[in-house]
There are 2 protein chains.
Amino acid sequence: MNTRTSKPAQKEKKSIRTREIIVRAARKVFSEHPYHAASMRMIGKAAGVEHPLINYYFPNKAELFESIIRDICDEFITSNEEWFEAVKNSKTAEGFLDYIDNLLDFNQRNPEPLRILALNMSQAEHISQIPGYQHFPELIEKICRLFEKKIALKGPIDQIRMFVNSFNIMVISFLGASPCIAQVQGMEAGSKHYREWVKSALGFIFLPGLKEIINPRASGEKAQKKKAPR
Amino acid sequence: MNTRTSKPAQKEKKSIRTREIIVRAARKVFSEHPYHAASMRMIGKAAGVEHPLINYYFPNKAELFESIIRDICDEFITSNEEWFEAVKNSKTAEGFLDYIDNLLDFNQRNPEPLRILALNMSQAEHISQIPGYQHFPELIEKICRLFEKKIALKGPIDQIRMFVNSFNIMVISFLGASPCIAQVQGMEAGSKHYREWVKSALGFIFLPGLKEIINPRASGEKAQKKKAPR
DNA sequence: ATGAATTTTTAACGAATGTTAAAAATAATT
DNA sequence: AATTATTTTTAACATTCGTTAAAAATTCAT
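Quick notes on the rules
- Residues numbered from 1 in each chain as written.
- Chains lettered and ligands numbered in written order.
- Predicted model: local features only at pLDDT ≥ 70, side-chain atom pairs only at ≥ 80, totals over all residues.
- Helix = DSSP H or I, 4+ residues; strand = E, 2+ residues; numbered from the N terminus.
- Buried ≥ 20, exposed ≤ 12 C-beta atoms within 10 Å, placed from the backbone.
- Contact = placed C-beta atoms within 7 Å.
- Domains from an automatic or database assignment.
- Nonpolar A, V, L, I, M, F, W, Y, C, P; charged D, E, K, R; others polar.
- Least-squares fit on C-alpha atoms with pLDDT ≥ 70 in both.
- Expected span 1.5 Å × (residues − 1).

### Describing the overall build of chain A
- Across its full length, chain A holds 10 helices and zero strands.
- Evaluated residue by residue, chain A yields a buried proportion of 43% over its 230 residues.
- The contacts in chain A between residues at least 6 apart in sequence include a share of 64% that link residues at least 24 apart.

If you want it as structure tokens, here you go:
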């Protein structure tokens, strides 16, 4: 009876179903409360399950959270690859807005990831206090490299990284903290109105910078290609 | 002995000193942990005081936090008035960078406010769950109006609000979540290096938009005044 | 259908949370 | 100096937290 290794092997049948239910519930709870405020009992209730069952599938709360962070990072990298690929032959402005649309679609189908990022990104000083926290820098790092690899950029490398970081941080705030940001403007976080606002705000703020790093010193005038495959 | 109204009047002598110590300690703790994770005992320890003493000065944790949020909002509004006033006769780019410098100085002397904002801005859905949360929309609203009042802007009103909101949200992320953002770039949050990065990133990303709302459709070329007093 | 293996629930633990009441210590007043 | 008022500490409370161990229920193989 002392099978408390907390790692049911991979060939089992019924358990993977409830495991997935638990993970899905945990993502929901972790997307609504910062790590410390999200409790195992909340997750259990959200999964329709008694809370100690979670410890049957995950050794502890920290590893559950970290596993979710890992998943989120993977999903986000994979999606970004697709989105970059989809706009490689577009003009700058057009491609940028298409990229944003893909991002917004993703967030509409799957709102948890950016919320979890936004909720736990601000923990001050004590970097390793939050499990999985160490993956966030790596995530942004990867997206940076992906962008640099997929899109033909002529600007100085520091400017490129500056742009990518700023853009992603803004996206995390706009979409990860949408209830607050939307309410500031008298909108509803899930509304079409807010979605349109985010799209045009990202375009208005970041398009000049994007043009600059794609074609330095000529950003005022011409329409430019966004990509020439490396 | 049942003086448990928890509001020592305003003429008392020694109490206001420890009250201020407690508030200062609370700001520190609330700037390091999100509301729910910050505990009365942490605050007591940071103040060098037994934790129930906090309840002698504040009826409960929620009102302590809300009082701090109110203070922060006031300080931020007051500071913004000064900063706008200081750049009213500057050229756009110059004035904008001076404004950013003032903002960075403020944050260096007084890092807690933006951290507290960043830490608690992302709480999902349940708006009124976090005490003082209701002030955040009001804060951004006020800064918006201040900006519109102090700086002569010609762009459409929606674009102006879009700019102001985006800028402030970015500032909250850059400075309020600085440990994470800095570490992503291999910097230290409190370093001169990071400070310089923030300044040039804000300039690079937001200067085009600022020029556009100050002088629409001519943003590529001329140097413009940032202000003509109303 | 019986017995073994797996999955789920129940009960309980030690620790930490916010808050309260009373005792102790300090400061102020007379 | 004695008494009162104010400030601070001590002790304790009801909850909630994450986790564990054992019992119960379910599923699976034979």
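### What to know about the domain arrangement of chain A
Residue and element names in this part refer to chain A.
- Domain annotation of chain A identifies domain 1 (9-58) and domain 2 (62-214).
- Computed from C-alpha coordinates alone, the two centres of domain 1 and domain 2 are separated by 26 Å.
- Taken residue by residue, the interface counts 10 residues in domain 1 and 11 residues in domain 2.
- The dominant element in the side of domain 1 that touches domain 2, judged by the number of residues it contributes, is helix α1 (residues 15-30), at five residues.
- Residues that form the side of domain 1 that touches domain 2 fall into these classes: seven nonpolar, one polar and two charged.

### Considerations on the relation of the copies chain A and chain B
- When chain A is brought onto chain B, the operation consists of a screw motion whose angular component is 180 degrees and whose axial shift is 0.0 Å, with 0.0 Å RMSD remaining. Each copy turns onto its partner about a two-fold axis.
- Take the interface residues of chain A: 100% of them recur as interface residues in chain B, which is what a same-surface contact looks like.

### Considering the environment of Ala177(A)
- Following the sequence through the fold, Ala177(A) ends up in the loop between α8 (157-176) and α9 (178-184).
- On a C-alpha basis, the gap between Ala177(A) and Glu141(A) in space is 22 Å, while along the polypeptide they are 36 residues apart.

### Considerations on the interface of chain A and chain B
- Facing 39 residues of chain A, the contacting portion of chain B comprises 39 residues.
- When residues of the side of chain A that touches chain B are traced back to their parent elements, those giving at least two are α6 (112-120), α7 (135-150), α8, α9 and α10 (192-214) of chain A.
- The element contributing the most residues to the side of chain A that touches chain B is α8(A), with eight residues.
- Class assignment of the residues belonging to the side of chain A that touches chain B gives a composition of 23 nonpolar, 12 polar and four charged.

### Here's the deal with helix α8 (residues 157-176) of chain B
- In a regular helix each residue adds 1.5 Å, so 20 residues correspond to 28 Å; α8(B) covers 27 Å between its end C-alpha atoms and thus fits that length.
- In terms of residue burial, α8(B) counts as a mostly covered element, since 17 of its 20 residues are buried.

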